[in-house]
Amino acid sequence: MSKSVLTDSLILARRNLEHIRQVPEKLTNVTVQPLMFVLLFAYVFGGAINVDNGGYKEYLIGGILIQTLAFAMMGPAMSIATDLKEGVIDRFRTLPSRRSAYLFGHYLAEMAGSLLTIVILLGTGLIVGWRTHAGFLHVAEGLALLLVFATAVIWIGLWLGILVRSPDAVMGIGFVIVFPITFISNAFVPIQSMPSVLQWVASANPISVLIAAVRTLFGNPVSPVTKHIWPIDHPVPAAWIYSVLLVALGWTIASRRYRARTMD
Amino acid sequence: MYEQTVRPLKGAGDPLSGGVVATGLGKRFGDLWALRGLDLNVAPGTVLGLLGHNGAGKTTAIRILTTLSQATEGSATVAGIDVAAHPGRVRERIGVAAQQATVDGLMTARLNLQTIGCLHGMSKAEARRRGDVLLERLDLSEFASKLVRTYSGGMRRRLDVAASLMGQPEVLFLDEPTTGLDPRSRGDLWEMLRELVSEGTTIILTTQYLEEADRMANDIVVLDHGRTVAHGTPAELKARIGDDRLDVKVANASELPGAAKAISVFAEEEPMYDMDGLVVTAPIRPGVRVIDVVRALDDAGIEAIDIARREATLDDVFMSLTSNSHHQRDDSKDDQRDPI
């Protein structure tokens, strides 16, 4: 009866996919919401925002990709908080399953959701007129960066869910954290249009660095750098460092928190 | 981390080869001992009833034995395996139905069981087959494809029991399995558990109901504030509890000692009284008529508001087993909860 972590993780991930089958609304935040954002910014706000070398639609997609993936923190946090609240977690812990499979199963299911998000966003982007203007390797690197960042966000979401325990609280805390972080950045408007203090904040914001890296790798226009800090001046290597560090951090704190919460 | 299965020979003469053994098991939360000094020796194929009120330590004991919680002191083996040293191997041999039904509301009953079966290492088809058998056995076949969140409390509970049986456990832990079940489902469940026991399964069940412990258990451990206050067969325990109870309610507290004295001639042991409820209670000797009690009280000049004869309840068990009489259960809570 020797099973691998992967087998158990897949069994548990199937559970999350089943949840989506039963409650498809759960998918709105990774499907309909990004789509709405693209259309809203491309056609409603976009006309008022000036971007050189390529126009706003080319600028927008990199920002929305990272912003939406950052919001994907809420999904895993909600799932874990619900499991903890309903005690389902205790059931799995009395089964002969690999201990790490529980978190890893959630990760796999959420990653599937984030992949879907990326596909939908790129598809919508192509429809509204976004294109890449870089070599295949650079575009591939951009996609890889998105996947690593998505991984980091999910692990941080898993940690948040164990920490907070209540699905309602997750909603509140998630919004309060993710909203300012993603909006005080170069995601939707070029940084130079902000007041000087905010320019510093937005330039130092790792989200800005990630977005700048994605835009650079896709060959899309980037927000001119006004406040020179190393990461925003070197977005691609900095984004990789941030993402890898965030994966390591998220994975560590989530696993640790999980062990602490489930071993009394 | 994950141990290979080495199934020991069951019932091979070694007392540790099956069943459940606990020695001096204790669990402390902060400075409060939720459980202390629990000794168990449950032979394979028998039923142990853990009897006690909420907060008595029943769930804590179950959580330690099912590897969900670590004991602060003492040790335990389940199916011959040390729970602290080899939790993974213990999990292969146990089934658990927790007090709170731990089933997934957003899946159907069938998928819930299938997922659990797969985590036990069964193939999908195998898990589905076993799940269907259990759903049938627990009278849930009709609702197999319904989302569990539409289930009533009793249905959830039955599904939880089914979930605990997916792995064909050697030892089954049921934490208040019949709470929230209607009398018929309760009877059905009891019958099913008896079948399992006759097939060799060891069961530890917790309950707040004396009747349930009486009907199901070969042995009963009575817990109060984390302590074992009695241990024996149902018959032994009942012999200690005594017969029917007599409650006499008086108008004011000053009459309590007089009332206690008046009814002591009918009682098996010293009457106890509850100052707040103004009630004197005593186990009554067989053959005593209520009318005689009324007369005796009248002769003593006690103004009884109400006189009632009733069967002994769990509360009476605790009254006679836990407190040194003239104490209300709740009054003694604080000093009993303190660690020594």
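Everything numeric here is computed off the predicted structure, so don't read it as measured data.

J.: Can you walk me through the overall build of chain B in this structure?
T.: Within chain B, the regular secondary structure consists of 12 helices and 14 strands. A separation threshold of at least 6 residues defines the contact pool for chain B, and within that pool the share at least 24 residues apart is 68%. With the model as given, the accessible surface of chain B reaches about 14900 Å², and the carbon-plus-sulfur share is 48%.

J.: Even after reading the chapter, I still don't get the sheet that holds strand β4 (residues 73-78) of chain B, so can you show me in this structure?
T.: Residues and elements named next belong to chain B. Pairing is antiparallel across the open sheet formed by four strands, whose spatial order is β2-β1-β4-β5. Both outer strands of the open sheet, β2 (32-42) and β5 (81-82), are each paired with one neighbouring strand and no more. Summarising the sheet, strand β1 (residues 20-29) and β4 pair through five bridges and their orientation is antiparallel. Bridge assignment links Thr23 to a residue of β4, and that residue is Ser75. Relative to the sheet, helix α1 (residues 58-65) contacts β1, β2 and β4, its axis offset from that of β1 by approximately 115°.

J.: Just to check I follow, could you spell out the interface of chain B and chain A for this structure?
T.: A common way to report how large an interface is uses the accessible area buried once the components associate. Each partner contributes residues to the interface: chain B has 38 residues there, and chain A has 30 residues. Overall, the association of chain B and chain A removes approximately 3100 Å² of surface from exposure, summing both partners, and the carbon and sulfur fraction of that is 57%. The tally of links from chain B across to chain A stands at three salt bridges. For the salt bridge of B:Asp104 with A:Arg15, the shortest nitrogen-to-oxygen distance reads 2.6 Å. Our enumeration of links across chain B and chain A arrives at 10 residue pairs in polar contact (both at pLDDT 80 or more). At the level of elements, β6 (94-97), α3 (109-119) and α5 (153-165) of chain B are the ones that each hand at least two residues to the side of chain B that touches chain A. Top element by residues in the side of chain B that touches chain A is α3(B). It accounts for six residues. Of the residues assigned to the side of chain B that touches chain A, the class counts are 15 nonpolar, 15 polar and eight charged.

J.: Looking at this model, I keep getting lost on the nonpolar core. Mind explaining?
T.: Most often, soluble globular proteins keep nonpolar side chains buried together rather than apart. Counting 115 residues, the largest nonpolar core has A:Leu65, B:Leu159 and B:Leu193 as the members making the most contacts within it. In terms of residue count, the dominant contributor to this core is helix α7 (residues 136-164) of chain A (13 residues). Other than its neighbours up to four places away in sequence, B:Leu193 contacts B:Leu172, B:Leu174, B:Ile203, B:Leu205 and B:Met216. B:Leu25, B:Val171, B:Phe173 and B:Val221 belong to the second-largest nonpolar core, a separate cluster that totals 27 residues.

J.: Hey, could you run me through the sheet that holds strand β13 (residues 279-283) of chain B in this one?
T.: Sheet strands pair via backbone hydrogen bonds, and the direction of the pair is either parallel or antiparallel. Residue and element names in this part refer to chain B. One open sheet accounts for four strands, arranged β12-β13-β11-β14; its pairing is antiparallel. Edge strands, defined here as strands with exactly one partner in the open sheet, are β12 (272-274) and β14 (304-310). If you compare each strand with its neighbour and ignore which way they point, the axes differ by 20° on average. Helix α10 (residues 290-299) rests against β11 (245-250) and β14 of the sheet, and its axis sits at about 150° to β14.

J.: I tried to follow the side chain of B:Asp224 on my own but got confused; where do I start?
T.: Note that B:Asp224 resides in strand β9 (residues 219-224). Separated by 3.3 Å, the side chains of B:Asp224 and B:His225 make a polar contact.

J.: Help me understand unusual backbone geometry, please; the structure alone is not making it clear to me.
T.: Most peptide bonds adopt trans geometry, and most residues besides glycine take a negative phi value. Phi at A:Arg165 is positive, roughly 75°, even though this residue is not glycine. By the element assignment, A:Arg165 lies in the loop between α7 and α8 (167-183). Its identity is not glycine, yet B:Gln168 carries a phi of approximately 45°, on the positive side. Residue position: B:Gln168 is located in the loop between α5 and β7 (171-175).

J.: Mind showing me how you'd approach the packing of helix α3 (residues 56-71) of chain A against helix α10 (residues 206-218) of chain A here?
T.: All names here are of chain A. Interaxial distance between α3 and α10 falls to 9 Å at its minimum, and their mutual angle equals 135°. Relative to α10, α3 is oriented oblique. With respect to the hand of their crossing, α3 and α10 are arranged in right-handed fashion. Contacts from Tyr59, Gly62, Gly63, Leu65, Ile66 and Ala70 in α3 reach Ile207, Leu210, Ile211, Val214, Arg215 and Phe218 in α10. Residues of the contact of α3 with α10, tallied by class, amount to nine nonpolar, two polar and one charged.

J.: For this particular structure, what's the right way to read the pairing of strand β3 (residues 47-51) of chain B?
T.: All names here are of chain B. Burial analysis of β3 places five of its five residues in the buried class, which makes it a mostly covered element. Side chains Val47, Gly49 and Leu51 of β3 all project onto a buried face; the interleaved residues Leu48 and Leu50 project onto the opposite face, where all are buried too. Both β3 and strand β8 (residues 202-207) contribute to a ladder of five bridges, which runs parallel. Note that in β8 the partner of Val47 across the bridge is Ile203. Where β3 and β9 come together, four bridges link them in parallel fashion. Bridge pairing in β9 places Leu48 opposite Asp219.

J.: Honestly, the packing of aromatic side chains in this entry has me stumped. Any pointers?
T.: A ring pair, where both rings are aromatic, is described by two values, the distance of the centres and the angle of the planes. Counted by the stated rule, this structure contains 16 aromatic pairs over all chains. Here the aromatic rings of A:Phe175 and A:Phe179 are separated by 5.5 Å at their centres, their planes lie at 20°, and the arrangement is stacked. Of the two residues, A:Phe175 and A:Phe179 both sit in helix α8, four residues apart, roughly one turn of that helix. For A:Phe175, a relative accessible area of 38% corresponds to the partly exposed category. Under the relative-accessibility criterion, A:Phe179 is labelled partly exposed at 33%. Aromatic pair B:Phe143 and B:Tyr151: ring centres 6.4 Å apart, planes at 75°, arrangement edge-to-face. On the accessibility criterion, B:Phe143 (25% relative accessible area) is partly exposed. An aromatic cluster is built from A:Phe37, A:Phe41, A:Phe45, A:Phe71, A:Phe175, A:Phe179, A:Phe183 and A:Phe188, whose rings are joined through pairwise contacts. The ring of A:Tyr59 has A:Arg215 lying over it, and the distance from NZ or CZ to the ring centre is 3.5 Å. Taking NZ or CZ as reference, B:Arg186 lies 5.0 Å from the ring centre of B:Tyr209, over its face.

J.: Any chance you could explain the domain arrangement of chain B here in plain terms?
T.: Domain annotation for chain B reports domain 1 (20-238) and domain 2 (243-311). Distance from the C-alpha centre of domain 1 of chain B to the C-alpha centre of domain 2 of chain B: 40 Å.

Here is what the cut-offs are and how they apply
Residues numbered from 1 in each chain as written. Chains lettered and ligands numbered in written order. Predicted model: local features only at pLDDT ≥ 70, side-chain atom pairs only at ≥ 80, totals over all residues. Heavy atoms only, no water. Helix = DSSP H or I, 4+ residues; strand = E, 2+ residues; numbered from the N terminus. Contact = heavy atoms within 4.5 Å. Areas by Shrake-Rupley, 256 points an atom, 1.4 Å probe, with all protein chains shown as cover. Pairing = 2+ DSSP bridges. Axes fitted to C-alpha atoms, helices over the stretch in contact; angles between N-to-C directions. Buried area = accessible area lost by both parts, 1.4 Å probe. Salt bridge = Lys/Arg side-chain N within 4 Å of Asp/Glu carboxyl O. Polar contact = N/O pair within 3.5 Å; in protein donor to acceptor, adjacent residues only side chain to side chain. Nonpolar A, V, L, I, M, F, W, Y, C, P; charged D, E, K, R; others polar. Core = buried A, V, L, I, M, F, W, Y, C linked by side-chain atoms within 4.5 Å. Buried < 20%, exposed > 50% of the residue type's maximum accessible area, 1.4 Å probe, protein only. Parallel < 35°, antiparallel > 145°, perpendicular 65-115°, else oblique. Left-handed = near helix turned anticlockwise from the far one by under 90°. Phe/Tyr/Trp six-rings, centres within 6.5 Å; stacked < 30°, edge-to-face > 60°. Lys NZ or Arg CZ within 6 Å of the ring centre and 35° of its normal. Domains from an automatic or database assignment.

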